[in-house]
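Coordinate analysis (summary)
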Amino acid sequence: MPAVTRWNPEQSRIGIVGAGPAGLAAARALLRAGYRHVTVFEAGPDPGGKCETGVFAGRAYDLGAVCIFEGYTRTLALAQEVELSLKEAPTYLRPEGGGRELPLPPTGAVKAWAEQVLQKVPALFEGPFESFEDVVRLGLHEPYGAWAQRLGLEPIPALSLYFYQSTGYGYRTQRVPAIYFLRAQFTCTGRVWVAKAGYQELWRRQAQRLVQAGLQLRTRTPVTRVVPGPPLWVETAAAPPVEVDALIWTGGPKEALAALPLTPEQAQALGNLGYIDYRTWVIEGEGLAEAPGRIVMVERNNRPEHLGHVALYAQPHADRPLALAWQYTTSDDDLAHERVALADAQALGAEDPDIRLRRRWSHFFPHFSPEAFERGEPVALERSQGTGNIFFAGATLAMELVESAVVHAEGVVARHFSP
Ligand SMILES: Cc1cc2nc3c(=O)[nH]c(=O)nc-3n(C[C@H](O)[C@H](O)[C@H](O)COP(=O)(O)OP(=O)(O)OC[C@H]3O[C@@H](n4cnc5c(N)ncnc54)[C@H](O)[C@@H]3O)c2cc1C
């Protein structure tokens, strides 16, 4: 049952910080619930958040999120609503193995694994993880390897970590709780689509549609401070302060720490988060990957000792040898990382490679550590929803995937703003 709301859709002014998937999903849900005064504040020039698309030589390259999986029911529905053209991404490849194409992930093995997990932790499929209490109760806050060992599922990490380490959830397997892997593993399954015009186009079109339905969207408007209320005063770097009755924060945790009037528990939970430093490159070089449309994993680089090397490539367009390359990095030395990325491309067969586009995500994948779970920090943050009329949606509580950001944001609106 949704909580009885203290808001009046006709009169209450709701502010949303961030025009990424979570912020726009929340805005859409509020408008559909009849709210008439909804304002989204976005720091960047365009909606999309970490679904950011760059353009080189007239072609779209996703510099943030790329994949829309079969299980992305809500994201696919939002894409359909705005008539976004999708194309299916063919199978994964590993270039090792004597030049043979090895499909990844091994679907049958992953399915069998999922069934084993289900037998051991039936609650995993009983509903979305809306409560971090469930995570602790089920022991899913333990590091992935330790968790698998405790349940007698040891072969699993070897099978599945390869994929998740390559795609942004890894190298910290001793520190990242099992729930993050499981959440990703059960969400990112089945067929994969990519947006022909890039992921960001989905959110541009959604934003346009919402503006037509009455949303106030303020881009290039970073929220710098929120003065406690009621009402709350939203201070921005771009315009005079704006008065709102409630605020839904979907911006980054670092920015929240700087801007929001937080309780000590909230500040502790947000202050102790871990992150992954992640870079995307668009590299051009004849011979690079030679796998148009496919995602290529480089097994030798998918090891903790190879941190900083490129473990994953995708060549989005068949007619030009330009590949997206993803790299976990460890320092601010852009040039050094660029050199490694180019050397890796050469090692993969690229002749004279060159960087065409670059993007660093220094605070990707905000996550609670196993110890933070034990101290109850995620639960405290979740329970604090609505304190001072401020709510949290977005990657931190939703665990950094487009689909979960959307589902979680819609859930926050359903639970706290239903008329
Ligand atoms: C390289 C990379 C690859 C990825 N691949 C995939 C993938 O294939 N599939 C997948 O599902 N997910 C993927 N992700 C993750 C996915 O992009 C994110 O989980 C998702 O975008 C989170 O949505 P969000 O709305 O919570 O946050 P964000 O997308 O981060 O949006 C937050 C928005 O808030 C704005 N903001 C922040 N602070 C302020 C402020 N103070 N004032 C105003 N605005 C502010 C930001 O500018 C941003 O637009 C990937 C991410 C990266 C970086």
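Here the structure is shown first, and the text comes after it.
These notes cover the structure that comes with them. Sequence order sets the numbering: in each chain, residues are counted from 1 along the sequence as written. Residue-level local features of this predicted model are given only where pLDDT is at least 70; pairs of side-chain atoms are given and counted only at 80 or more, and the full residue set underlies all totals for whole chains, interfaces and linings.

The subject of this paragraph is the overall build of the protein. We count a stretch as a helix when DSSP gives it H or I for four or more residues in a row; a strand needs E for two or more, and each element gets its number in order from the N terminus. Along the backbone of the protein there are 15 helices and 19 strands. Buried means a residue has 20 or more other C-beta atoms within 10 Å of its own C-beta, exposed means 12 or fewer, and partly exposed covers the counts in between; C-beta atoms are placed from the backbone. Expressed as a percentage of the 419 residues in the protein, the buried residues total 45%. Each residue is represented by a C-beta atom placed from its backbone, and any two residues with such atoms within 7 Å are regarded as in contact. The long-range fraction of contacts in the protein, counting pairs at least 24 apart against all pairs at least 6 apart in sequence, stands at 73%.

Working rule for contacts: place C-beta from the backbone, and if it is within 6 Å of a molecule or strand, that residue counts as near it. Taken together, 37 residues are adjacent to the ligand, and Gly-18, Gly-20, Gly-49, Gly-251 and Gly-394 come closest. Here the shell around the ligand is built from residues that sort into 20 nonpolar, 12 polar and five charged. In this classification, Asp, Glu, Lys and Arg are treated as charged, Ala, Val, Leu, Ile, Met, Phe, Trp, Tyr, Cys and Pro as nonpolar, and every other residue, Gly included, as polar.

When we look at burial in helix H10 (residues 264-271), the residues that qualify are Gln-266, Ala-269 and Leu-270. Around the axis of H10, the buried residues are gathered within 90 degrees of arc, so they sit on the same side. This arc is built from the directions going out from the helix axis to the C-beta atoms.

What follows covers the sheet that holds strand S8 (residues 192-195). Taken in spatial order, the three strands make up an open sheet running S5-S8-S6, and their pairing is antiparallel. What marks the edges here is a single partner per strand, and that holds for strand S5 (68-69) and strand S6 (86-88). As paired elements, S5 and S8 share two bridges and run antiparallel to each other. Counterpart to Ile-68 in the pairing with S8 is Trp-193. For two strands to pair, DSSP has to find at least two bridges joining them.

This paragraph deals with the nonpolar core. In this description, a nonpolar core means buried residues of the types Ala, Val, Leu, Ile, Met, Phe, Trp, Tyr and Cys, linked to one another by C-beta atoms lying within 7 Å. Ranked by internal contacts, the top residues of the largest apolar core, which has 109 residues, are Ala-26, Leu-247 and Ala-325. Domain extents, as shown, originate in an automatic or database domain assignment. When we break this core down by domain, the ones giving at least three residues each are domain 1 (13-51 + 197-273 + 376-416) and domain 2 (93-187). Aside from chain neighbours lying at most four places away, what touches Ala-325 is Trp-281, Ile-283, Val-310, Tyr-313, Ala-341 and Ala-345.

Taken in spatial order, the three strands line up as S10-S11-S12 in an open sheet, and their pairing is antiparallel. If you trace the sheet from one side to the other, it starts and ends with strand S10 (223-227) and strand S12 (242-244), each paired once. Averaged over neighbouring strand pairs, the angle between their axes works out to 25 degrees when direction is ignored. Looking at chain direction, S10 and strand S11 (residues 232-236) are connected through four bridges and run antiparallel. An axis is simply a line fitted to the C-alpha atoms; with a helix, the fit covers only the stretch in contact. Between two such axes, the angle follows the N-to-C directions and lies from 0 to 180 degrees.

Among the 10 residues of helix H7 (residues 178-187), eight are classified as buried, and the element is accordingly described as predominantly covered. Ala-178, Ile-179, Tyr-180, Phe-181, Leu-182, Arg-183, Ala-184 and Gln-185 are the residues of H7 that are buried.

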